[in-house]
Amino acid sequence: ANHIICAQDSPVMAVSYFEDFDYTHSFESVKQQKFKDVKDNVLRLGFTKSIIWKKIKLNPNALESTAVLEINSPLLDEITLYYSTKDDTKVVETLGIMYSQSKNKLDHYLPAFLIPVEKLKTPELYLKLKSRWTMSVSLSMKNKDVFHKERVHTYFIVALLLGG
């Protein structure tokens, strides 16, 4: 059985984006904007000075209580995740190459966030993205145990290749 959840397999998430040309939006205001759908979960915009907001609508039925959102794009200066929990806590977490790797709680080579699926107020996450390089962003959502198994496998292969 293939445990990697792809956008195609089940509607585990629907991704859309909004381009903030004037850097004017906040987490609250951007929710009122019209987002455009992202096909195959990969957004390729080339070079842009804009801030890109991505809305990720999760299907909680296709996920376990905790999942990992992996951003398969290492060259992003700043990636800020926003969501609200059932007790009305607003969660804001930032990763990216402008920030220390120690901020990546999952200690992963790619930016990755732990998502408490069962505690979300609404099944929507927002990402705010900035990059000096080309804006090419691919997302994947995995259940936590799958993420950890794959990670061990990846690091083992890297160690073999590097003769570790």
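Reference entry: report on the structure contained in this document. Everything numeric in this text was worked out from a predicted model, so none of it was measured.

Moving on, we come to the overall build of the chain. Summing up its helical and strand segments, the chain has two helices and ten strands in all. Sequence-ordered secondary structure for the chain, helices as α and strands as β, is β-α-β-β-β-β-β-β-β-β-β-α. Since a compact globule built from 164 residues should have a radius of gyration of about 15 Å, the 16 Å found for the chain is in line with a globular shape. The dimensions of the chain, computed from C-alpha atoms along their principal axes, are 50 × 35 × 30 Å. Residues counted as buried form 46% of the 164 residues belonging to the chain. Intrachain contacts of the chain at a sequence separation of at least 6 include 75% that bridge at least 24 residues. Entry remark: accessible area of the chain is about 9300 Å², with carbon and sulfur atoms responsible for 55%. Counting 22 positive and 19 negative side-chain charges, the chain places the averaged centre of each group 2 Å from the other.

This part covers the sheet that holds strand β6 (residues 78–84). What holds strands together in a sheet is hydrogen bonding between their backbones, with the strands either parallel or antiparallel. Judged by pairing direction, the sheet is antiparallel, and its six strands sit side by side in the order β2-β1-β4-β9-β6-β7 without closing on themselves. Edge positions in the sheet fall to β2 (36–37) and β7 (90–95), since each has one partner strand and no second.

Within the fold, Ser-16 resides in strand β1 (residues 13–20). Aside from chain neighbours lying at most four places away, what touches Ser-16 is Phe-35, Lys-36, Asp-37, Val-38, Trp-53, Lys-54 and Lys-55.

In this section: the sheet that holds strand β8 (residues 112–115). Across the sheet, which stays open at both edges, the four strands sit in the order β3-β10-β5-β8 with antiparallel pairing between neighbours. At either end of the open sheet lies a strand with only one pairing partner, and these are β3 (42–47) and β8. Sheet twist, expressed as the average angle between the axes of neighbouring strands with direction ignored, equals 20°.

Criteria and cut-off values
- Residues numbered from 1 in each chain as written.
- Predicted model: local features only at pLDDT ≥ 70, side-chain atom pairs only at ≥ 80, totals over all residues.
- Heavy atoms only, no water.
- Helix = DSSP H or I, 4+ residues; strand = E, 2+ residues; numbered from the N terminus.
- Rg over C-alpha atoms; globule rule 2.2 N^0.38 Å.
- Buried < 20%, exposed > 50% of the residue type's maximum accessible area, 1.4 Å probe, protein only.
- Contact = heavy atoms within 4.5 Å.
- Areas by Shrake-Rupley, 256 points an atom, 1.4 Å probe, with all protein chains shown as cover.
- Lys, Arg positive; Asp, Glu negative; His and termini not counted.
- Charge placed at Lys NZ, Arg CZ, Asp CG, Glu CD.
- Pairing = 2+ DSSP bridges.
- Axes fitted to C-alpha atoms, helices over the stretch in contact; angles between N-to-C directions.

Read these as layout, nothing more, since geometry by itself doesn't imply function.
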